[in-house]
Amino acid sequence: MGGRRTKYKQEPPAPLRNPNETRPSTKRLGKRKANVDHEPEPSTNSRPTKKAKADKPSASKKRTKDPEKISKVKPTPTKEKSIPLSEEGESDGWEAASDLEDVDGLAVDGLDDLDIDEDDDLLRGVPEELDLGSDDEEVALFPQKGRKSKQAERPTKIIPTASDEDSDDESDNEDGPITAKNIEFRSRALDEEAAREAELDLEEMQNAALDASDDEIDMEGEGEDAEAFHLPTAEERAEEKNHVADVHVVQRRMRECVRILGNFRKLGAKDRLRSEYVEQLVSDIASYYGYNDFLAEKLFQLFPVSEAIEFFEANEVSRPVTIRTNTLKTRRRDLAQALINRGVNLEPIGKWTNVGLQVFESSVPIGATPEYLSGHYMLQAASSFLPVIALSPQPNERVLDMASAPGGKTTHIAALLQNTGIVFANDANKARTKSLTANVHRLGCKNVVICSYDGREFPKVMGGFDRVLLDAPCSGTGVISKDSSVKVNKSERDFHLLSHLQKQLILCAIDSVSPDSKTGGFLVYSTCSVTVDENEAVVDYALRKRPNVKLVDTGLGFGRDGFTKYRGKTFHPSVKLTKRFYPHVHNMDGFYVAKFKVEKRTKIKAGTQEAGSTNTVDADEQQDVGFDSDEDRAFIEEGKRIQMKAKGLRVPHRRQSDIAGRVVKAAA
């Protein structure tokens, strides 16, 4: 067991074989000759495999140092398949190779002394040519596991290009910690990445449309797929509600319904109506996502079939955590650097706001940092920035926030006013004013007055505001990801009551705005709902009830336009100036924003000519114009009766004298 490593560490043990016996490495071919005469005896002195592997690198180094010895060994006309295997499953040729590694140099002289018969059975076949390569290459006669050369460690790119240097710089900026120097680069890189992703999304949508058009096949030619999908009937759907349906079956049925409704003319069954597929899809959405049937159908009607599934799916995912920088105490760059030093991973939200930051992960509670307690930022959803940005308050203005708790929008308005002017923060729920007061004090807003009134009484309490923000109470269908109870606790009656309350509040908000304001005269109406009953219908109602108001552009650079037509209802054409925001499109809570401009009321006199009208009132007709209380008493009484009946009060019977008087006047 001699070797280069072991001879320097300890003395070799006593040999187990005859000392006069020649070494196995020099008798390699002699063994092969002996195999012809008699069977070989089992090898009792085979070396351990682990030791042979460990000593291979040293032997390889010896072989590569002396090319003359390698050249002498090259012509050995041996074939690998002629090497006999021992009883242990290892070939003697490989065993001899391991023995060669124990020698300091190759025993080339022993090869000349070997007696090889030309009639040896092992060498009678046609010799195979061994590809040894050129003389300049290093040749390894035996396999060397674990041998590593410097050539194998060379990099794939030897000469760096300019693109490599740019990528190195970018990787340093991207992988390194966020600092004040590279935050601008990161923001620009995110914008470029978003643009690339938008292009990829557009390309994927186009490719998907092409694939869908190519894959459209008539139901007659679908064969097994057409027979595999069965649209349940109304009776089967009613029976299925009594027990829990298989989730995989519901998923597959939803996909099939979406695919068929996408091209119903070609893919729809001839004996089934489109409404049946829609009813089945709405029923599956309600059972799969946990909505009641009414709300699932109401939300489904807002979108195309494929987009509706995306909306319901987006409501199952929480929105990103965002914070708003309080510019009264710090700047966004300084706040970002301070939070990064505390182990918070964040980045700017987007170009549309210069105070928002999106938090990805944090090693500390984001709502309990020293910066939060000092009032440097406010935990606030990205969609809550939009109404204040649309309101755009100017310094030294009087602003009213009619439903202000918990104070995110109020403190944002105060920051934009730079603690000038005055902000009236009102909330009808007095218990919620506690959190409102705490946030106002924490963020250092000194121009805020907190009050608790019903918003419908506010024109009588105080008016004459330059700008009014009405974030009306709503059903919360845009924030289902935060409050999943909305899925089951909203009914048709709730939407009727909420829309009625919103219509009352928006009229009171319009009356609270001063049309004589030199810098303002604006009202912003917003909800965290996506239904038309609470958004476009309320705005259209305000336009009809208050002729002195008009819709103007919100100033928001993104978002979808409001509906001007919806399920048979037609709204004012200017309603398209309002903005809608969806979770599956903008990655923020569902929101609606509308901006009004309040103008002075104009009284039209009888003698004046209206704009665009050619009719005038004569002088004789002006003399006849008047109000006779005795003549109109019957109409006044009838109007009072109608009002009492609408309020549910007991209506008195009509007097016979009034009825007779009306009949006489009608006959005259």
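Residues numbered from 1 in each chain as written. Predicted model: local features only at pLDDT ≥ 70, side-chain atom pairs only at ≥ 80, totals over all residues. Heavy atoms only, no water.

A. Representation of the UniProt feature "binding site: S-adenosyl-L-methionine" (unreviewed entry) in the chain. Within this numbering scheme, the UniProt entry marks Ala403, Ser404, Ala405, Pro406, Gly407, Gly408, Lys409, Asp427, Asp454 and Asp471 as carrying the feature "binding site: S-adenosyl-L-methionine" (unreviewed entry). As for its placement among the helices and strands, serine 404 is situated in the loop between β5 (398–401) and α20 (408–417). If we ignore the near neighbours within four places in the chain, the residues touching serine 404 are Thr410, Ala425, Asn426, Asp427 and Leu436. Assignment of secondary structure puts glycine 407 in the loop between β5 and α20. (UniProt positions renumbered as here; feature names shortened; annotations may be inferred. Helix = DSSP H or I, 4+ residues; strand = E, 2+ residues; numbered from the N terminus. Contact = heavy atoms within 4.5 Å.)

B. Quick peek at the confidence of the model for the chain. Per-residue confidence for the chain gives a mean pLDDT of 75; residues scoring 70 or more make up 64%. Note that pLDDT drops below 50 for residues 48–123; the model gives that stretch 92 contacts with residues more than four away or on any other chain. Scored below 50 in pLDDT, residues 216–227 shows 13 contacts in the model against residues more than four places distant or in partner chains. (pLDDT = per-residue confidence, 0-100.)

C. A look at the packing of aromatic side chains. Using the criterion set out here, one finds 16 aromatic pairs in the structure. Relative to tyrosine 289, the ring of tyrosine 288 has its centre 4.8 Å away and its plane inclined at 90 degrees; by these criteria the two rings are edge-to-face. Exposure remark for tyrosine 289: the relative accessible area of 8% places this residue in the buried category. Summarising the aromatic geometry, the rings of phenylalanine 424 and phenylalanine 465 are spaced 5.5 Å apart at their centres and angled 75 degrees between planes, so their arrangement reads as edge-to-face. Taken as a pair, phenylalanine 424 in strand β6 (residues 422–426) and phenylalanine 465 in the loop between α22 (458–461) and β8 (467–471) lie far apart in primary sequence, 41 residues in all. Ring pairing ties together the aromatic residues Tyr288, Tyr289, Tyr291, Phe303, Phe311, Phe312 and Tyr582, which thus form one cluster. (Phe/Tyr/Trp six-rings, centres within 6.5 Å; stacked < 30°, edge-to-face > 60°. Buried < 20%, exposed > 50% of the residue type's maximum accessible area, 1.4 Å probe, protein only.)

D. Quick look at the packing of helix α14 (residues 274–289) against helix α15 (residues 293–300). Following both chains from N to C, one finds α14 and α15 inclined at 120 degrees, their axes separated by 9 Å at the closest point. In terms of orientation, α14 and α15 fall into the oblique class. In this structure, α14 meets α15 at a crossing whose hand is right-handed. Taken together, the residues of α15 that come into contact with α14 (itself represented by Val278, Leu281, Val282, Ile285 and Ala286) are Asp293, Ala296, Glu297 and Phe300. Its residues assigned to classes, the contact of α14 with α15 comprises seven nonpolar, no polar and two charged. (Axes fitted to C-alpha atoms, helices over the stretch in contact; angles between N-to-C directions. Parallel < 35°, antiparallel > 145°, perpendicular 65-115°, else oblique. Left-handed = near helix turned anticlockwise from the far one by under 90°. Nonpolar A, V, L, I, M, F, W, Y, C, P; charged D, E, K, R; others polar.)

E. Highlighting the environment of arginine 274. Mapped onto the elements, arginine 274 comes out in helix α14. Look at arginine 274 and you get partly exposed, because its relative accessible area is 38%. For the pair arginine 274 and phenylalanine 264, spaced 10 residues apart in sequence, the C-alpha separation works out to 7.2 Å.

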